[in-house]
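Spelled out from the first residue to the last, the chains are:
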Amino acid sequence: MSRPSQPLSRERVLEAAIRVADRGGAEAITMRRVAQELGVEAMSLYHHVPNKDGLLDGVVDAVFAAIELPAPGGGDWRDAIRVRARSAREVLSRHSWALGLMDSRRNPGPATLRSHDAVLGVLRAAGFPLPLAAHAVSLIDSYTSGYVLQEENLPATTPADVDDVAGGILERLPPDQLPYLREMIVDHALGTDYDHTGEFAYGLDLILDALEDRRKQP
């Protein structure tokens, strides 16, 4: 096996593990495959990560580190949370395999802890009682993760795709049946440059506005 062109480091090991997962999913992350990615023997990795669990903890923390933190205080809390949610969506769209790992780790790393603390800090500084802040974090994270998962499995990702898929469904609809679905396809999906990716911002705004209303309640 050829020697690596650069000295091994924890950062390089985690970057390699992420590349492996981007190609094959979380289940592809093994010490052997990551070592192959780096061109080293698997035993070399143990100088930088203790075991596979440590490797998984590390890649999850690296994904969290790539998500932009919300700016603390000084403005509308919703703007700060939008920044974080949009960044989380972008990062998780690139590494959707991480969705099943992010809440499963028992030893969260420093970037993971900073991310959670920053979001809670924005909410608490905005006057959210602690129980409502906890509800808000859960709701926003669930929405973001669920949207990424749905988006990953959609058969249409562009307006042209939408026209193709929706047109095919329309052709198969029974005549004079399912009028509301037909209306949605004809009047909304077809011929309007409908882009499903824009739904994320709309849904997020609904959630944030509802949380703001709840925050103002005595």
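This section reports on the structure supplied with the text. (Residues numbered from 1 in each chain as written. Predicted model: local features only at pLDDT ≥ 70, side-chain atom pairs only at ≥ 80, totals over all residues. Heavy atoms only, no water.)

Unusually for a residue other than glycine, Asp176 sits at a positive phi of about 60 degrees. With respect to the helices and strands, the residue Asp176 is situated in the loop between helix H7 (159-172) and helix H8 (179-189). (Helix = DSSP H or I, 4+ residues; strand = E, 2+ residues; numbered from the N terminus.)

Of note, Ala26 is situated in the loop between helix H1 (10-24) and helix H2 (31-38). When its relative accessible area of 19% is taken as the criterion, Ala26 is described as buried. The sequence separation of Ala26 and Leu56 amounts to 30 residues, and the corresponding C-alpha distance is 8.7 Å. What Ala26 contacts, discounting residues up to four positions off in sequence, is Trp97 and Leu101. (Buried < 20%, exposed > 50% of the residue type's maximum accessible area, 1.4 Å probe, protein only. Contact = heavy atoms within 4.5 Å.)

Let us look at the layout of surface pockets. Its boundaries defined by the atoms lining it, the second largest pocket holds a volume of some 190 Å³. What lines the second largest pocket is a set of 13 residues, among which Leu92, Met102, Asp103, Asp141 and Ser145 lie closest to the centre. Contributing elements (two or more residues each) for the lining of the second largest pocket: helix H4 (77-94) and helix H6 (130-153). Considering each element in turn, the lining of the second largest pocket owes the most residues, 4 residues, to H6. A per-class count over the lining of the second largest pocket returns 6 nonpolar, 4 polar and 3 charged. (1 Å grid on protein atoms, 1.4 Å probe; cavity = no way out; pocket = protein on both sides within 12 Å on 5 of 7 lines; lining within 4 Å. Points joined across faces, edges and corners; volume = space filled by probe spheres on them. Nonpolar A, V, L, I, M, F, W, Y, C, P; charged D, E, K, R; others polar.)

Here we come to the pattern of salt bridges. Throughout the structure, instances matching the rule amount to 12 salt bridges. Note that Glu37 is salt-bridged to Arg23, the shortest N-O span being 2.5 Å. Within this pair, whereas Glu37 is found in helix H2, its partner Arg23 is found in helix H1, the two being separated by 14 residues in sequence. For Glu37, a relative accessible area of 26% puts it in the partly exposed group. (Salt bridge = Lys/Arg side-chain N within 4 Å of Asp/Glu carboxyl O.)

So, about the nonpolar core. One finds Ile29, Val34, Leu45, Leu55 and Trp97 to be the most contacted residues of the largest nonpolar core, which totals 35 residues. Residue assignment for this core shows that the elements contributing at least two residues are H1, H2, helix H3 (52-66) and H4. Examining the composition of this core, we find that 7 residues originate from one element, H1, more than from any other. Among residues more than four places away in sequence, those in contact with Leu55 are Val13, Leu14, Ala17, Ile29, Thr30, Met31, Val34 and Val49. Trp77, Ile81, Leu132 and Leu204 belong to the second-largest nonpolar core, a separate cluster that totals 20 residues. (Core = buried A, V, L, I, M, F, W, Y, C linked by side-chain atoms within 4.5 Å.)

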